[in-house]
Each structure stands twice: as structure tokens, then as C-alpha cells.
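Each chain, written out:
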Amino acid sequence: MNEELLIADEVQRMLNARCEYREGKFHFTKTKKLDIYLGSSLFAFKLDMEISFGHFQQDGFAVNRAEVYLLPEEMLAFEDTLRKFPIPLPIAFRQCIHMNQNLVEIRMESLEPPRHFALRLAAALKEIEP
């Protein structure tokens, strides 16, 4: 568990997120501010992105999950950064995208070291931060 705590602390710093341990997994919450324009109206709100890892294996791999919220115009830069990151996406990677004209929700899951997942995700999020 000490190794897992060290990794969780590192991931928390990388993502600049709040962390808690529950149900056998580390859960990270990162708040994203979104400004959506509908006609001449501006709607500003915040959404919590959820990131977690758990089910550690002897080889250092874990099940990593993230729910990320983006504006449609941020999606290309986010996805491009994920694909071109120096640590390639693992074979055991799934992604599901739900999209409407104002908001994109991306759900990701992978089996890899949590550091790799967090480094890639942090780089993609940094690419779209103001």
C-alpha cells in the first residue's frame, strides 16, 4: 500500500486534483470551468472531472479511469495530445465519447501504470487550459 500511496500523491500533483481513497480505489477530482455561449447568452459553470485508479497488479499496472468534460472546440487538441504523447496508448485502452453541440464527455479506461495514464491525461488537459 505504501507504493500505491506514493503513486497517488504523484498523480494528485500531476493532475492538480483533490484525492480520496474509497472502495479500494484512489479517486481524484479536478474541477473544470466551462463557458458556453447560446445565442447571446453566456452560461458559466463548473464540472468535476473524475479520475481513478485501483486493482493494482504485481507488475505495477492498475485499472485507470477518467471522465473528462470539454468544449467541442477543445476536443481536437485534447485527442491529438493523447495520441502523440511519448508514452503510447496501451493496447488495453477504451474510450467512449458523448457529444452534443455544447459539451463533450470523454470516458477513458486503461490497464497500465497509473503514472503513465496521469502523465498523458495531464498533458492533454494542459493543452486545453487557458
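Look up a bit, the structure's there.
Below, the structure is looked at part by part. The model shown is predicted, which means the values in this text are computed figures rather than measured ones. (Residues numbered from 1 in each chain as written. Predicted model: local features only at pLDDT ≥ 70, side-chain atom pairs only at ≥ 80, totals over all residues. Heavy atoms only, no water.)

## Details of the packing of helix α1 (residues 2-15) against helix α3 (residues 114-128)
Thought 1: Where α1 contacts α3, the axes come no closer than 9 Å and their chain directions differ by 5°. Between α1 and α3, the angle falls in the class roughly parallel. Here E3, I7, E10, V11, M14 and L15 of α1 come into contact with α3, specifically with P114, R115, A118, L119, L121 and A122.
Thought 2: Of the residues assigned to the contact of α1 with α3, the class counts are nine nonpolar, no polar and three charged. (Axes fitted to C-alpha atoms, helices over the stretch in contact; angles between N-to-C directions. Helix = DSSP H or I, 4+ residues; strand = E, 2+ residues; numbered from the N terminus. Parallel < 35°, antiparallel > 145°, perpendicular 65-115°, else oblique. Contact = heavy atoms within 4.5 Å. Nonpolar A, V, L, I, M, F, W, Y, C, P; charged D, E, K, R; others polar.)

## Focus: helix α2 (residues 75-84)
Thought 1: Of all the positions in α2, only M75, F78, E79, T81 and L82 are classed as buried. Along the axis of α2, the buried residues cluster in a sector spanning 160°; they form a single face. Turned more than 90 degrees away from the buried face of α2, the exposed residues are L76, R83 and K84.
Thought 2: Residues of α2 that are buried sit in contact with β4 (62-70), β5 (93-99), β6 (104-112) and α3. (Buried < 20%, exposed > 50% of the residue type's maximum accessible area, 1.4 Å probe, protein only. Arc of directions from axis to C-beta.)

## Points about the pattern of salt bridges
Thought 1: Enumeration according to the criterion identifies 14 salt bridges in this entry.
Thought 2: One salt bridge in this structure joins D9 and R13, with 2.4 Å as the shortest N-O distance. Taken together, the residues D9 and R13, both in helix α1 and four residues apart, mark about one turn of the helix.
Thought 3: R120 serves as the salt-bridge partner of E112, at 3.0 Å between the closest nitrogen and oxygen. We note that E112, like R120, is buried. (Salt bridge = Lys/Arg side-chain N within 4 Å of Asp/Glu carboxyl O.)

## Description of the sheet that holds β5
Thought 1: Spatially, β1-β2-β3-β4-β6-β5 is the arrangement adopted by the six strands of the open sheet, whose pairing is antiparallel. Pairing within the sheet leaves two strands with one partner each, and these edge strands are β1 (18-22) and β5. The sheet shows a mean angle of 15° between the axes of neighbouring strands, taken without regard to direction.
Thought 2: Across five bridges, the pairing between strand β3 (residues 41-54) and β4 is antiparallel. Residue pairing across strands places F53 opposite N64, the latter belonging to β4.
Thought 3: Sheet contacts for α1: β1, β2 (25-38) and β3; angle to β2, the most-contacted strand, approximately 15°. (Pairing = 2+ DSSP bridges.)

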